[in-house]
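Structure at a glance
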Amino acid sequence: FGDLYLSMLMREEKFKHVIVIEENVENGGLGSIIKDLILEFGLPCTFSHFSVENEHCFVYGKRDFIHKEYALDYDSLKSMVVVDLQHHKLLGNYG
């Protein structure tokens, strides 16, 4: 039921681009579920996913430190999202 509801919501809202940011590995996380829904229902949008790489995490420390190590901190995400939006032609040059 949840998958169908999400796909209907995405169709109704007519999203051009979906970005998922999660502090989880890519496989099995929210991003992989949304990507599967986009493909399964043929939703007319592009998709980007920012997450921890699919590998064992041998980094220990406070949350802020780990975010920075995996480029999930504010500054890294801001830069990556701007580049991503420019790549998909959804944002002009950003200075």
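Relevant structure appears above.
Read on for a plain summary of the structure. (Residues numbered from 1 in each chain as written. Predicted model: local features only at pLDDT ≥ 70, side-chain atom pairs only at ≥ 80, totals over all residues. Heavy atoms only, no water.)

Okay, the overall build of the protein next. Within the protein one finds four helices and two strands. Listing each helix as α and each strand as β along the protein from the N terminus yields α-β-α-β-α-α. Taking as baseline every contact in the protein between residues at least 6 positions apart, the subset at least 24 positions apart corresponds to 61%. (Helix = DSSP H or I, 4+ residues; strand = E, 2+ residues; numbered from the N terminus. Contact = heavy atoms within 4.5 Å.)

Pairing of strand S1 (residues 17–25) with strand S2 (residues 46–52) involves six bridges; the strand directions are parallel. Along S2, the bridge assignment pairs Val18 with Phe47. Read as a crossover between parallel neighbours, the route from S1 over helix H2 (residues 30–40) to S2 is right-handed. (Pairing = 2+ DSSP bridges. Right-handed = clockwise from strand over helix to strand, strands pointing away.)

Let us look at helix H4 (residues 74–87). Taking 1.5 Å per residue, 14 residues should reach 20 Å; H4 reaches 20 Å between its end C-alpha atoms and fits that length. Of the residues making up H4, those classed as buried are Leu77, Val81, Val82 and Asp84. Seen along its axis, H4 keeps its buried residues to an arc of 165°; they face one direction. In H4, those exposed residues whose orientation departs by more than 90 degrees from the buried face are Asp75, Val83 and His87. Once H4 finishes, Lys89 follows within two positions and takes phi at roughly 60°, a positive value. (Expected span 1.5 Å × (residues − 1). Buried < 20%, exposed > 50% of the residue type's maximum accessible area, 1.4 Å probe, protein only. Arc of directions from axis to C-beta.)

Our next topic: the side chain of Glu22. With respect to the helices and strands, the residue Glu22 is situated in strand S1. It turns out Glu22 is buried and unbridged, and the closest side chain with the opposite charge, Lys35, is 9.7 Å from it. (Lys, Arg positive; Asp, Glu negative; His and termini not counted. Salt bridge = Lys/Arg side-chain N within 4 Å of Asp/Glu carboxyl O.)

This brings us to the pattern of salt bridges. Inspection of the entire model under this criterion finds three salt bridges. Glu23 is the partner of Arg63 in a salt bridge, and the nearest nitrogen-oxygen pair spans 2.7 Å. Here Glu23 lies in strand S1 and Arg63 lies in helix H3 (residues 63–69), a separation of 40 residues in the sequence. The exposed category is assigned to Arg63, whose relative accessible area is 54%. A salt bridge links Glu26 to Lys35; the nearest nitrogen and oxygen atoms lie 3.9 Å apart.

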